[in-house]
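Understanding the architecture of this molecule
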Amino acid sequence: MPDQDPVIRRTTSMEQRVDAIQAALDERGMKATEAVEELNHLATEQWVPQNGARVVARAWVDAAFRERLLANGRAAVEELGLFMPKHHRHLVVLENTPTVQNVICCTLCSCTAFTIIGLPPDWYKDFEYRSRVVRESRTVLREMGLELAPEVEIRVWDTTADTRYMVLPMQPPETMGWPEEKLVGIVTRDAMIGVARL
Ligand code: FE
């Protein structure tokens, strides 16, 4: 028996392979390193859940904006200076009510409206979450700390390449009348994914 699979022996680490591809692209003037740095910057500085929090807070204080948001999410977030990549053709905003809890997932991979609600957390990309949330959503939510009354209907929405979702959480009653800027601070990424209530 050979001591090691020859294919495995020839394969270097992920980091080395990434570096090699990057170097090969850079050598050809394709500026891979620059593109990676730019993406890193966008991901950590601009594609943050606070964008979505601003959208939610505005919807809470401005009924007309809320209507526009529910009718055409993509157009409404642009009013706040937020943008979505061209291939995110639709932003569907799902309104929670006392009897409806919306939850989003991507059963295929990890798609989210990431420019609005931030990049997906690790658990969202996990096979466990993707496969179980559609089959036993109530149990999965309970395991994540969200215990819903039996009369609350759970609607699970599976993201596609061109249709992205965000959940519009209910405004906690004790925050009624708060200024918009203060409301922004209470909206969490998990509430916009639908695995938490505020
Ligand atoms: Fe995906």
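Above this note sits the structure.
What comes next is a walk through the structure.

Cut-offs applied
Residues numbered from 1 in each chain as written. Predicted model: local features only at pLDDT ≥ 70, side-chain atom pairs only at ≥ 80, totals over all residues. Heavy atoms only, no water. Helix = DSSP H or I, 4+ residues; strand = E, 2+ residues; numbered from the N terminus. Buried < 20%, exposed > 50% of the residue type's maximum accessible area, 1.4 Å probe, protein only. Contact = heavy atoms within 4.5 Å. Areas by Shrake-Rupley, 256 points an atom, 1.4 Å probe, with all protein chains shown as cover. Lys, Arg positive; Asp, Glu negative; His and termini not counted. Charge placed at Lys NZ, Arg CZ, Asp CG, Glu CD. Donors = N, O, S within 2.8 Å, 3.2 Å for Na, K, Ca; no water. Core = buried A, V, L, I, M, F, W, Y, C linked by side-chain atoms within 4.5 Å.

Re the overall build of the protein chain
Assigned secondary structure in the protein chain consists of 12 helices and four strands. Reported as C-alpha extents along the three principal axes, the dimensions of the protein chain are approximately 65 × 45 × 25 Å. Each of the 198 residues in the protein chain was classed as buried or not, and the buried ones make up 39%. Once local pairs closer than 6 in sequence are excluded, the contacts in the protein chain between residues at least 24 apart make up 67%. Summing over all exposed atoms, the protein chain offers an accessible surface of approximately 11,500 Å²; the carbon and sulfur share of this is 55%. Within the protein chain, the 29 negative side-chain charges are centred at a point lying 4 Å from the centre of the 23 positive side-chain charges.

Comments concerning the side chain of Gln22
Within the secondary structure, Gln22 sits in helix H2 (residues 14–27). Given a relative accessible area of 18%, Gln22 falls into the buried group. Not counting residues up to four positions away in its chain, the partners in contact with Gln22 are Ala32, Thr33 and Val36.

Considering the coordination of the iron ion
Distances from the iron ion to its protein donors, Cys106 (SG), Cys109 (SG), Ser110 (N), Cys111 (N) and Cys111 (SG), fall at 2.1 to 2.7 Å. Sequence spacing of the donor residues for the iron ion, all on one chain, is C-x2-C-S-C.

A word on unusual backbone geometry
Working note: non-glycine residues mostly have negative phi, and peptide bonds are mostly trans. For Lys31, which is not a glycine, the phi torsion comes out positive at approximately 55°. With respect to the helices, strands and loops of the structure, Lys31 is situated in the loop between H2 and helix H3 (32–46).

Overview of the nonpolar core
If you look at the biggest cluster of nonpolar residues, it comprises 43 residues, and the most contacted ones within it are Val55, Leu69, Val77, Ile104, Ile116, Tyr129 and Met166. For Tyr129, the residues in contact, after removing those within four places along its chain, are Val103, Ile104, Cys105, Trp123, Tyr124, Val140, Met144, Ile193 and Val195.

Some remarks on the environment of Gly194
Tracing the backbone shows Gly194 in the segment after helix H12 (189–193). Take Gly194: its relative accessible area is 0%, and that puts it in the buried class. C-alpha separation for the pair Gly194 and Ile154, spaced 40 residues apart in sequence, amounts to 9.6 Å. The contact partners of Gly194, leaving out residues within four places of it in the chain, are Gln101, Asn102, Val103, Leu141, Leu146 and Val167.

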